[in-house]
Amino acid sequence: MNVRSVRGTHDILPGSVELWQEIEEKTRLLFRRYGYGEIRTPVLEETNLFCRSLGLETDIVQKEMYTIPARRGRDISLRPEGTAPVVRSYLENHLNRGSGLTKLYYVGPMFRRERPQKGRYRQFHQIGAEVLGSDHPGIEAEVMEMLHVLLDDLGVRGVRLLVNSVGCPSCRPAYVRILQERLLAESDLCADCRKRSRRNPLRVLDCKQASCSPVIDNLPSILDHLCRECRDHFRRFREFLDLIGVSYSVTPRLVRGLDYYVRTTFEMVTDRLGPTQNALLGGGRYDGLSELLEGPPAQGFGFGLGLERLVLLLSRNDQLAAGYRSPRPEIFFAYLNEDSLEKAFTLARDLRREGIFAYLDFGGRSLRAQMRLANRLGSRFVCVIGDDEIRTGLYSIKRMADGTQTRLQQGRISRHVRSA
Ligand SMILES: [Zn+2]
Ligand SMILES: [Zn+2]
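Parameters at a glance
Residues numbered from 1 in each chain as written. Chains lettered and ligands numbered in written order. Predicted model: local features only at pLDDT ≥ 70, side-chain atom pairs only at ≥ 80, totals over all residues. Heavy atoms only, no water. Helix = DSSP H or I, 4+ residues; strand = E, 2+ residues; numbered from the N terminus. Buried < 20%, exposed > 50% of the residue type's maximum accessible area, 1.4 Å probe, protein only. Lys, Arg positive; Asp, Glu negative; His and termini not counted. Charge placed at Lys NZ, Arg CZ, Asp CG, Glu CD. Contact = heavy atoms within 4.5 Å. Phe/Tyr/Trp six-rings, centres within 6.5 Å; stacked < 30°, edge-to-face > 60°. Pairing = 2+ DSSP bridges. Axes fitted to C-alpha atoms, helices over the stretch in contact; angles between N-to-C directions. Patch = residues over 30% accessible without salt bridge, like charges linked within 9 Å, V, L, I, M, F, W, Y side chains within 5 Å. Areas by Shrake-Rupley, 256 points an atom, 1.4 Å probe, with all protein chains shown as cover. Salt bridge = Lys/Arg side-chain N within 4 Å of Asp/Glu carboxyl O. Donors = N, O, S within 2.8 Å, 3.2 Å for Na, K, Ca; no water. Tetrahedral: all angles 85-135°; square planar, octahedral: opposite > 155°, others 65-115°.

A. Highlighting the overall build of the chain. Helix and strand content of the chain: 16 helices and 16 strands. In terms of overall dimensions, the chain has a C-alpha envelope of 90 × 50 × 45 Å along the principal axes. Within the span of the chain, comprising 420 residues, buried residues form 47% of the whole. Across the chain, the mean location of the 64 positive side-chain charges is 3 Å away from that of the 52 negative side-chain charges.

B. Spatial organisation of the environment of serine 414. Examined against the element boundaries, serine 414 turns out to sit in helix 16 (residues 413-419). When the C-alpha positions of serine 414 and tyrosine 90 are compared, they lie 49 Å apart, and in sequence the two are 324 residues distant. Beyond its immediate chain neighbours, meaning those up to four positions away, serine 414 contacts Leu351, Glu354 and Ile356.

C. Layout of the packing of aromatic side chains. As enumerated under the stated definition, the model contains 9 aromatic pairs in all. When the centroid spacing of 5.5 Å and the interplanar angle of 85° are considered together, the rings of phenylalanine 31 and tyrosine 105 count as edge-to-face. Note that phenylalanine 31 is positioned in helix 1 (residues 17-33) and tyrosine 105 in strand 5 (residues 102-111), a separation of 74 residues in sequence. An identical accessibility class is assigned to phenylalanine 31 and tyrosine 105; each is buried. Between the aromatic rings of phenylalanine 31 and phenylalanine 303, the centroid separation amounts to 6.3 Å while the plane-to-plane angle is 90°, which identifies the pairing as edge-to-face. Placement of the pair is phenylalanine 31 in helix 1 and phenylalanine 303 in strand 11 (residues 300-306), with a sequence separation of 272 residues.

D. Structural context of the sheet that holds strand 3 (residues 67-68). The strand order across the open sheet formed by 3 strands is 2-4-3, and the pairing between neighbours is antiparallel. The open sheet has two edge strands, strand 2 (44-46) and strand 3, and neither has a second partner. Of the strands in this sheet, strand 2, strand 3 and strand 4 (76-78) touch helix 2 (residues 47-54), which is tilted by about 65° from strand 2.

E. Molecular detail of a positive patch on the surface. Where like charges cluster on the molecular surface, the positive patch consists of Lys63, Arg194, Lys195 and Arg198. Per-element accounting of the positive patch gives the leading share, 3 residues, to helix 7 (residues 191-199). Within the secondary structure layout, arginine 194 lies in helix 7.

F. Here's a closer look at the coordination of the zinc ion (ligand 1). Coordination of the zinc ion (ligand 1) by the protein involves Cys168 (SG), Cys171 (SG), Cys227 (SG) and Cys230 (SG), with metal-donor separations of 2.2 to 2.3 Å. What the 4 donor atoms of the zinc ion (ligand 1) show is an angle range of 101 to 114° at the metal, which sorts the shape as tetrahedral. Each donor residue of the zinc ion (ligand 1) belongs to the same chain, with the gaps between them written as C-x2-C-x55-C-x2-C. With respect to class, cysteine 227 is no different from cysteine 230; both count as buried.

G. Spatial organisation of the coordination of the zinc ion (ligand 2). Ligation of the zinc ion (ligand 2) by protein atoms is provided by Cys190 (SG), Cys193 (SG), Cys207 (SG) and Cys212 (SG), these donors lying 2.2 to 2.4 Å from the ion. Ordering the donors of the zinc ion (ligand 2) by residue number gives the pattern C-x2-C-x13-C-x4-C. Separated by 22 residues along the polypeptide, cysteine 190 in the loop between helix 6 (172-184) and helix 7 and cysteine 212 in the loop between helix 7 and helix 8 (213-217) bring together distant segments of the chain. Residues cysteine 190 and cysteine 212 agree in their burial class; the two are buried.

Limitation: the analysis is restricted to geometry and does not speak to function.
Okay, structure coming up:
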């Protein structure tokens, strides 16, 4: 076949999609308990939204966005992340009106032109949540707790929480200057980091190149340069985590790549996905984002979780994977000719209305081949319809597990299937 899926995208097929559905259902149930409402923003946004929010110096804006040049008016892009669209919608729809806190979550695809590799795609999917309207560290700890419960519910083990503070506009610039002076004097940095040293020195801290590690380990820590307010905030955040028994490691290198983060940043990581993509989810506080979008001041805190990575983790959990077989028909209708097909057709319809999974084959198979198919699908009951059944109105229902046959009137089939 000549037409193939686009590089870096993937189909989610029956047999795998059940795991996705399970994750999404558990997420919706849990997030509702914490007061989050679902928001669905468009996949297309004005390119400007991401230039302003993420910052022009980020990899995402510089080289990873799928942008459609405008013939007239403004360029639009496929969204590379979920926070900026949510904040854009929050401002545009005045979701702040009347209530203190606004809690929103989303589930959906994001798009980045990255080099595809296992577990990393150009169309990937995220679950994310945003709390708007509070700068209290307690709400941050509440989000950590919610994520812990979610991962626990899903059976994800061995995830570690890393936390840091990236300061605020009153303390970070001084630290960045110190960092930059140190970095510009270093000769052992990778080419990317030499560029970053000039344009966005903070980003050097999350360089994954082994050669940069020794240099980074010896750089001054941002935690030694926080203002009093940022220090207090970070201390309170950790006190709340202690209070609810969520363990964490303080990781001064954790700055996240995006310009809009202030104060608390965090990641949840696992060693089970290999060294280059150990982050399962991450996020932080972005109090200045609303103003970057020319909105009124609005404190915000949120995270994004990579669904592909989560699915990859969970499908290695054999027990769980075994639970996600495609569903077995409760009753399979086999038929001899076009007349009995019509009867089977209406019987199947009636049973489906009663909530039963009734299967009908349209492959033009012989009766014997239909029986083989019923077996292969793991059908629990089979009902063969011929002229006798239509004439007498009595249907013979065979339980596949032990071969027992029961003759029943039409109206009694569903109860029989249910009770077995
Ligand atoms: Zn500060
Ligand atoms: Zn580097």
